[in-house]
Amino acid sequence: GRPQLGEVEGILLSQSTCNEWQRIQSFQARPDDLLICTYPKAGTTWIQEIVDMIQQDGDLEKCKRAPVHHRHPFIEWARPPQPSGVEQAEAMPSPRTLKTHLPVKLLPPSFWEQKCKFLYVARNAKDCMVSYYHFQRMSKVVPDPGPWHEYFEMFMAGKVGWGPWHDHVKGWWKVKDMHCVLFLFYEDMKKVMPSPQDPKCEIQKVAQFLGKNLDQELLEKIVYHTSFDVMKDNPMANRSGIPVSIMDQSISPFMRKGTVGDWKNHFTVAQNERFEDDYEKKMAGTNLTFCMEL
Ligand code: A3P
């Protein structure tokens, strides 16, 4: 059967993460750590590949050293007997790039104390919900999502792994000016403008945040290599090496659609009204806005 989730401070997390919680909370960050932070399905794999391409100066061979989900230790990941995310990070030389889906309130305090750099990618709630639903259908190590209408209610209630989408984005949005946070949107990343001079060039923003400047040629190489179609066919990005017993991509591929607005193919009119009503209440008082279609 599928595993159940555990809970930390009201946030659902995998049981194995809950079991290791003390060790995760006492994680020792280093001042030169870069932490990639996302709500699940917001484009984690995509930003990981972009960051890696920038850090490796576009060297494709170096970027293919390991599947992208293994290149950056996943802080709260714990599945004994394999080394946990904490152990992988401890064994890694500096400067480290790490990954987390944790909401602000659950982040190991050391990251704040060490004044690390945080790269947050946010994706609109409706597309996150749809993507998460399909992910839970095919991933055997997370709970079965059940039928869409039931999943819809669970997501709205925040009863999914890593908790409510709303609190996650609001939490990271709130800390962004007090800490070194680059806050990006999946929807902006889809609007590719491959000129290093363009202030809306999201890849260039990431590069500058990492202290690098991309010339036109390198920028175009990164845009191409991290496009959905290329990543979908890249065995080091598409998780094709993961056994079917863990991820059955015949049910839904990991690189599923990679678009903005697929929620329209899933939400009924009534669901959309209910969702927006609830969304308005939960997002009241924040100036954080999302693009729901391109
Ligand atoms: P969809 O299910 O909507 O297709 P994560 O990596 O955080 O788990 O996010 C997965 C989502 O990001 C999936 O969304 C996946 O298709 C999408 N994605 C992955 N690589 C992408 C890329 N290069 N461009 C656009 N979307 C991408």
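What you are looking at is a predicted structure, and each value in this text was computed from that prediction instead of being measured.

Draft legend 1. Summary view of the site of the ligand. In the vicinity of the ligand, 18 residues are found, and the nearest of them are Thr 44, Thr 45, Ser 131, Tyr 186 and Lys 257. In the environment of the ligand, a nitrogen atom lies 3.4 Å from a nitrogen or oxygen atom belonging to the side chain of Trp 46. In this structure, Ser 131 approaches the ligand through a side-chain N or O atom, which is 2.6 Å from an oxygen atom. The fraction of the free accessible surface of the ligand (570 Å²) that becomes covered by protein chains is 97%. Going through the elements one at a time, α3 (44-55) and α14 (228-233) are the ones with two or more residues in the shell around the ligand. The element that contributes the greatest number of residues to the shell around the ligand is α3, accounting for three residues. Classifying every residue of the shell around the ligand gives seven nonpolar, seven polar and four charged.

Draft legend 2. Structural detail: helix α15 (residues 269-282). The terminal C-alpha atoms of α15 lie 20 Å apart, and with 14 residues this matches the ideal 20 Å at 1.5 Å per residue to within 8%. Where α15 is concerned, the buried positions are Gln 271, Asn 272, Phe 275, Asp 278 and Tyr 279. The arc enclosing the buried residues of α15, seen along the axis, measures out at 135 degrees, which places them on a common side. When the buried face of α15 is taken as reference, the exposed residues oriented beyond 90 degrees from it are Val 269, Ala 270, Glu 273, Glu 280 and Lys 281.

Draft legend 3. Molecular detail of the nonpolar core. Ranked by internal contacts, the top residues of the largest apolar core, which has 92 residues, are Phe 111, Phe 118, Trp 165, Trp 172 and Phe 290. With eight residues, helix α8 (residues 125-138) is the largest single contributor of residues to this core. Ignoring sequence-local partners within four residues, the contact set of Trp 165 consists of Tyr 39, Arg 123, Asn 124, Ala 125, Cys 128, Phe 155, Tyr 279, Met 283 and Phe 290.

Draft legend 4. Representation of the UniProt feature "domain: Sulfotransferase" (unreviewed entry) in the protein chain. In the UniProt entry, the feature "domain: Sulfotransferase" (unreviewed entry) is given for residues 31-286. For the annotated span residues 31-286, helix accounts for 42% and strand for 8% of the residues, and the straight-line distance between the end C-alpha atoms is 30 Å.

Draft legend 5. A look at the layout of surface pockets. As a volume, the second largest pocket reaches approximately 290 Å³. In terms of lining, the second largest pocket is formed by 17 residues, of which the most central are Leu 34, Gln 55, Pro 95, Arg 96 and Thr 97.

Draft legend 6. A look at the environment of Phe 152. Structurally, Phe 152 can be placed in helix α9 (residues 148-156). Taking the C-alpha atoms as reference, Phe 152 lies 20 Å from Ser 14; in sequence the two are 138 residues apart. Not counting residues within four places of it along the chain, the set of residues in contact with Phe 152 comprises Met 129, Phe 267, Gln 271, Arg 274 and Phe 275.

Draft legend 7. Inspection of the packing of α3 against helix α12 (residues 202-209) at higher detail. Between α3 and α12, the shortest axis-to-axis distance is 10 Å and the interhelical angle comes to 55 degrees. Regarding the angle of α3 to α12, the classification is oblique. In the packing of α3 onto α12, the handedness of the crossing is right-handed. Of the residues in α12, those in contact with Ile 47, Ile 50, Val 51 and Ile 54 of α3 are Ile 203, Val 206 and Ala 207. In terms of residue class, the contact of α3 with α12 is built from seven nonpolar, no polar and no charged.

Draft legend 8. How the structure looks around the pattern of salt bridges. For the coordinates displayed, the defined rule picks out 16 salt bridges. Salt-bridge contacts for Lys 176 lead to Asp 177; the nearest nitrogen and oxygen are separated by 3.3 Å. Looking at Asp 177, the relative accessible area reads 66%, which means it is exposed. When salt bridges with common partners are traced through the structure, they connect Glu 49, Asp 52, Arg 65 and Arg 71 into a single cluster.

Draft legend 9. Summary view of the environment of Asp 229. Here Asp 229 shows up in helix α14. Among the residues examined, Asp 229 registers a relative accessible area of 57% and is labelled exposed. For the pair formed by Asp 229 and Ser 139, sequence separation is 90 residues and the distance between their alpha carbons is 22 Å.

The rules we used
Residues numbered from 1 in each chain as written. Predicted model: local features only at pLDDT ≥ 70, side-chain atom pairs only at ≥ 80, totals over all residues. Heavy atoms only, no water. Near = heavy atom within 4 Å. Polar contact = N/O pair within 3.5 Å; in protein donor to acceptor, adjacent residues only side chain to side chain. Areas by Shrake-Rupley, 256 points an atom, 1.4 Å probe, with all protein chains shown as cover. Helix = DSSP H or I, 4+ residues; strand = E, 2+ residues; numbered from the N terminus. Nonpolar A, V, L, I, M, F, W, Y, C, P; charged D, E, K, R; others polar. Expected span 1.5 Å × (residues − 1). Buried < 20%, exposed > 50% of the residue type's maximum accessible area, 1.4 Å probe, protein only. Arc of directions from axis to C-beta. Core = buried A, V, L, I, M, F, W, Y, C linked by side-chain atoms within 4.5 Å. Contact = heavy atoms within 4.5 Å. UniProt positions renumbered as here; feature names shortened; annotations may be inferred. 1 Å grid on protein atoms, 1.4 Å probe; cavity = no way out; pocket = protein on both sides within 12 Å on 5 of 7 lines; lining within 4 Å. Points joined across faces, edges and corners; volume = space filled by probe spheres on them. Axes fitted to C-alpha atoms, helices over the stretch in contact; angles between N-to-C directions. Parallel < 35°, antiparallel > 145°, perpendicular 65-115°, else oblique. Left-handed = near helix turned anticlockwise from the far one by under 90°. Salt bridge = Lys/Arg side-chain N within 4 Å of Asp/Glu carboxyl O.

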